[in-house]
Amino acid sequence: GIQVEQSPPDLILQEGANSTLRCNFSDSVNNLQWFHQNPWGQLINLFYIPSGTKQNGRLSATTVATERYSLLYISSSQTTDSGVYFCAVERMDSSYKLIFGSGTRLLVRP
Amino acid sequence: NAGVTQTPKFQVLKTGQSMTLQCAQDMNHNSMYWYRQDPGMGLRLIYYSASEGTTDKGEVPNGYNVSRLNKREFSLRLESAAPSQTSVYFCASPQYNEQFFGPGTRLTVL
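Everything in this summary refers to the structure shown in the same document. (Residues numbered from 1 in each chain as written. Chains lettered and ligands numbered in written order. Predicted model: local features only at pLDDT ≥ 70, side-chain atom pairs only at ≥ 80, totals over all residues. Heavy atoms only, no water.)

**As for the pattern of salt bridges**
Residue and element names in this part refer to chain B.
- All told, the structure shown has 4 salt bridges over all chains when counted by the stated rule.
- Residue Arg36 pairs with Asp38 through a salt bridge whose shortest N-O separation is 2.9 Å.
- The exposure class assigned to Arg36 is buried, which follows from its relative accessible area of 8%.
- Since its relative accessible area comes to 11%, Asp38 is described here as buried.
- A network of salt bridges, in which partner residues are shared, links Arg36, Asp38 and Arg44. (Salt bridge = Lys/Arg side-chain N within 4 Å of Asp/Glu carboxyl O. Buried < 20%, exposed > 50% of the residue type's maximum accessible area, 1.4 Å probe, protein only.)

**Concerning the interface of chain B and chain A**
- Each side of the interface is counted separately: chain B has 19 residues, and chain A has 18 residues.
- Between chain B and chain A lies a buried interface of about 1500 Å² when both sides are counted; carbon and sulfur atoms form 54% of it.
- At the boundary of chain B and chain A, one finds 0 salt bridges.
- Linking chain B with chain A are 4 residue pairs in polar contact (both at pLDDT 80 or more), by the criterion used here.
- Every element with two or more residues in the side of chain B that touches chain A is listed here: strand S4 (32-37), strand S5 (43-49), strand S9 (87-95) and strand S10 (98-101) of chain B. (Contact = heavy atoms within 4.5 Å. Buried area = accessible area lost by both parts, 1.4 Å probe. Polar contact = N/O pair within 3.5 Å; in protein donor to acceptor, adjacent residues only side chain to side chain. Helix = DSSP H or I, 4+ residues; strand = E, 2+ residues; numbered from the N terminus.)

**Regarding the pairing of strand S11 (residues 105-109) of chain B**
All names here are of chain B.
- Where burial is concerned, the two faces of S11 differ: the one with Thr105, Leu107 and Val109 is buried and the one with Arg106 and Thr108 is not.
- Relative to S11, strand S2 (residues 10-13) runs parallel, the two being bridged by 4 bridges. Residue pairing in the sheet places Gln11 in a bridge with Leu107 of S11.
- Summarising the sheet, S9 and S11 pair through 3 bridges and their orientation is antiparallel. Considered in S11, the bridge of Val88 is made with Arg106. (Pairing = 2+ DSSP bridges.)

**Topic: the layout of surface pockets**
- Volume-wise, the largest pocket comes out at about 650 Å³.
- If you trace the largest pocket, you find 30 residues lining it, with A:Gln37, A:Gly41, B:Gln37, B:Val88 and B:Arg106 closest to the centre.
- If you list the elements that add at least two residues to the lining of the largest pocket, you get strand S9 (83-91) and strand S11 (104-109) of chain A together with S9 and S11 of chain B.
- Along the lines of polarity and charge, the residues of the lining of the largest pocket split into 13 nonpolar, 12 polar and 5 charged.
- Its boundaries defined by the atoms lining it, the second largest pocket holds a volume of some 180 Å³.
- What lines the second largest pocket is a set of 13 residues, among which A:Val4, A:Ile99, A:Phe100, A:Gly101 and B:Glu59 lie closest to the centre.
- Here the residues of the lining of the second largest pocket are counted per class, giving 6 nonpolar, 4 polar and 3 charged. (1 Å grid on protein atoms, 1.4 Å probe; cavity = no way out; pocket = protein on both sides within 12 Å on 5 of 7 lines; lining within 4 Å. Points joined across faces, edges and corners; volume = space filled by probe spheres on them. Nonpolar A, V, L, I, M, F, W, Y, C, P; charged D, E, K, R; others polar.)

**Some thoughts on the pairing of S5(B)**
All names here are of chain B.
- Taking burial as the measure, the 7 residues of S5 include 6 buried ones, the bulk of the element.
- Across 6 bridges, S4 lies against S5 in antiparallel orientation. Residue pairing across strands places Tyr35 opposite Leu45, the latter belonging to S5.
- What sits between S4 and S5 in their antiparallel hairpin is a turn of 5 residues, with Gly40 showing a positive phi close to 75 degrees.
- Alignment of S5 against strand S6 (residues 56-57), held across 2 bridges, turns out to be antiparallel. Paired with Tyr47 across the two strands is Lys57, which belongs to S6.
- Joining the antiparallel neighbours S5 and S6 is a turn of 6 residues, in which Gly53 adopts a positive phi near 95 degrees.

**As for the nonpolar core**
- Core analysis: the largest hydrophobic core is formed by 22 residues, its most contacted members being A:Leu32, A:Trp34 and A:Val89.
- Only strand S2 (10-14), strand S3 (19-25), strand S4 (29-37), strand S7 (59-64), strand S8 (69-74), S9 and S11 of chain A provide two or more residues apiece to this core.
- With 21 residues, the next largest nonpolar core counts B:Cys23, B:Met32, B:Tyr47 and B:Tyr89 among its residues. (Core = buried A, V, L, I, M, F, W, Y, C linked by side-chain atoms within 4.5 Å.)

**Some thoughts on the packing of aromatic side chains**
- One pass over the full model with this rule turns up 9 aromatic pairs over all chains.
- Judged by centre distance (5.6 Å) and plane angle (80 degrees), the ring pair of A:Phe100 and B:Tyr35 falls under edge-to-face. Here A:Phe100, found in strand S10 (residues 98-100), pairs with B:Tyr35, found in strand S4, and the two come from separate chains.
- According to the relative accessible area criterion, B:Tyr35 is buried, its value standing at 0%.
- With centroids separated by 6.0 Å and ring planes inclined at 45 degrees, the aromatic side chains of B:Tyr35 and B:Phe101 adopt a geometry described as tilted. Residue B:Tyr35 is located in strand S4, and its partner B:Phe101 is located in strand S10; the two are separated by 66 residues in the primary sequence. (Phe/Tyr/Trp six-rings, centres within 6.5 Å; stacked < 30°, edge-to-face > 60°.)

If you want it as structure tokens, here you go:
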């Protein structure tokens, strides 16, 4: 099956710093999404980005489908950005069955 | 508009006991999903329902059954709980490439 690898597994930042999270996937995909799980466990959709670049405030994401990777950029990080960031992909032959990576755990210190 | 709701929030079972996790959505979406999240891992799909009256297996369906009771409700049943089913269970309902997650049920099987 398709493999989804995220790096780094853990990241500690000082408030105000920038960071880049990476997601590599092993096969062609229909769909790629980024999610944030806050420290209370709630999961929030950040981006639907099977290809190209999108921006939403301090967050932006880029997917290069031909090279099978996606990047999530966090600029001017805030303590509220803490939590786990997941990348998830849907195989080409799948009907919206998302395969999740194991996540990047981010801690932003004040 | 509550989005996706799940009950209960917490549950402790003994090995061999049965229980049903309830999920409801008030967004009039067709699809609903059940995931489990184990410590340090991403979510894994247990079962999904693309529309009322249909259900399909995901990555890890063994030991579970589901019922799509109507368009709003999708329940997950553990007939004979095992310690390996200790996990956090999330219900989700996607629409237009955005996933809406419930708050989760934390289940411990002793």
